[in-house]
Amino acid sequence: MQQTTSYRTQSRSLLEQAFRELYAGDLRQAAEKGWDAAAHMVKAVAAERGWPHDDRRLLYDVLSRLVNELQDEELRDGFNAATFLLTLHKEDWLDREWVASSLGRVRTFVDAAEELICGR
């Protein structure tokens, strides 16, 4: 439970930082923080359920399990937005509209994933 709470708190903090970086014009940091926010919320859900989550591949496994369990493709789409942000960060291809749009989708994803923990 403590691990779940820690991941949730970190996710929310990272998401706030991502939007601050976006508004400040640091698109590279905004993109990285957006990915990190989504990844930490996936870790929170996985920790809550006792699922392995200690590497990036396992995060995608967690997402697949959730999508299959809940029949909710929106979760996959939201996490794909986070993955896109990671790509933007790594490739240093940064466009404000792409980053802003993706961060909005990540915020929706983080809210939905958090509901899986809190709404139980």
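Anything mentioned here points back to the structure above.
These numbers come from a predicted model, not from an experiment.

Calculation criteria
Residues numbered from 1 in each chain as written. Predicted model: local features only at pLDDT ≥ 70, side-chain atom pairs only at ≥ 80, totals over all residues. Heavy atoms only, no water. Phe/Tyr/Trp six-rings, centres within 6.5 Å; stacked < 30°, edge-to-face > 60°. Helix = DSSP H or I, 4+ residues; strand = E, 2+ residues; numbered from the N terminus. Buried < 20%, exposed > 50% of the residue type's maximum accessible area, 1.4 Å probe, protein only. Lys NZ or Arg CZ within 6 Å of the ring centre and 35° of its normal. Salt bridge = Lys/Arg side-chain N within 4 Å of Asp/Glu carboxyl O. Core = buried A, V, L, I, M, F, W, Y, C linked by side-chain atoms within 4.5 Å. Contact = heavy atoms within 4.5 Å.

Engineer: Which residues make up the packing of aromatic side chains, and what values go with them?
Structural biologist: Going through the model one piece at a time under the given rule, you end up with 7 aromatic pairs. Arranged with centres 5.6 Å apart and planes meeting at 50 degrees, the rings of F79 and F109 form a pair that is tilted. Of this pair, F79 sits in helix α4 (residues 73-91) while F109 is found in helix α5 (residues 96-118), placing the two residues 30 residues apart along the sequence. Of the residues examined, F79 reaches a relative accessible area of 2% and is grouped as buried. By the ring-pair criterion, three or more aromatic residues cluster together here, those being W35, Y60, F79 and F109. Taking the ring centre of W51 as reference, the NZ or CZ of R65 above it sits at 3.8 Å.

Engineer: I'd like a description of the pattern of salt bridges, backed by residues and values.
Structural biologist: In total, this model carries 8 salt bridges according to the counting rule given. Linking D111 and R12 is a salt bridge whose minimum nitrogen-to-oxygen distance equals 2.6 Å. Of this pair, D111 sits in helix α5 while R12 sits in helix α1 (residues 2-24), and the two are 99 residues apart along the sequence. When the shortest N-O distance is used, the salt bridge between D92 and R28 registers 3.1 Å.

Engineer: Would you mind going over the nonpolar core in detail, with residue names and values included?
Structural biologist: F79, V99, L103, V106 and F109 are the most contacted members of the largest nonpolar core, which has 40 residues in total. Contributions of two or more residues to this core are made by α1, α2 (27-49), α3 (56-70), α4 and α5. Per element, the largest residue contribution to this core is 13 residues, and it comes from α2. In this structure L103 touches A18, F19, L22, A30, G34 and L85, once residues within four positions along its chain are discounted.

Engineer: Lay out the environment of D77 with the relevant residues and their values.
Structural biologist: Relative to the helices and strands, D77 resides in helix α4. Owing to a relative accessible area of 33%, D77 belongs among the partly exposed residues under this scheme. Taking the C-alpha atoms as reference points, D77 and V106, separated by 29 residues in sequence, lie 9.2 Å from one another.

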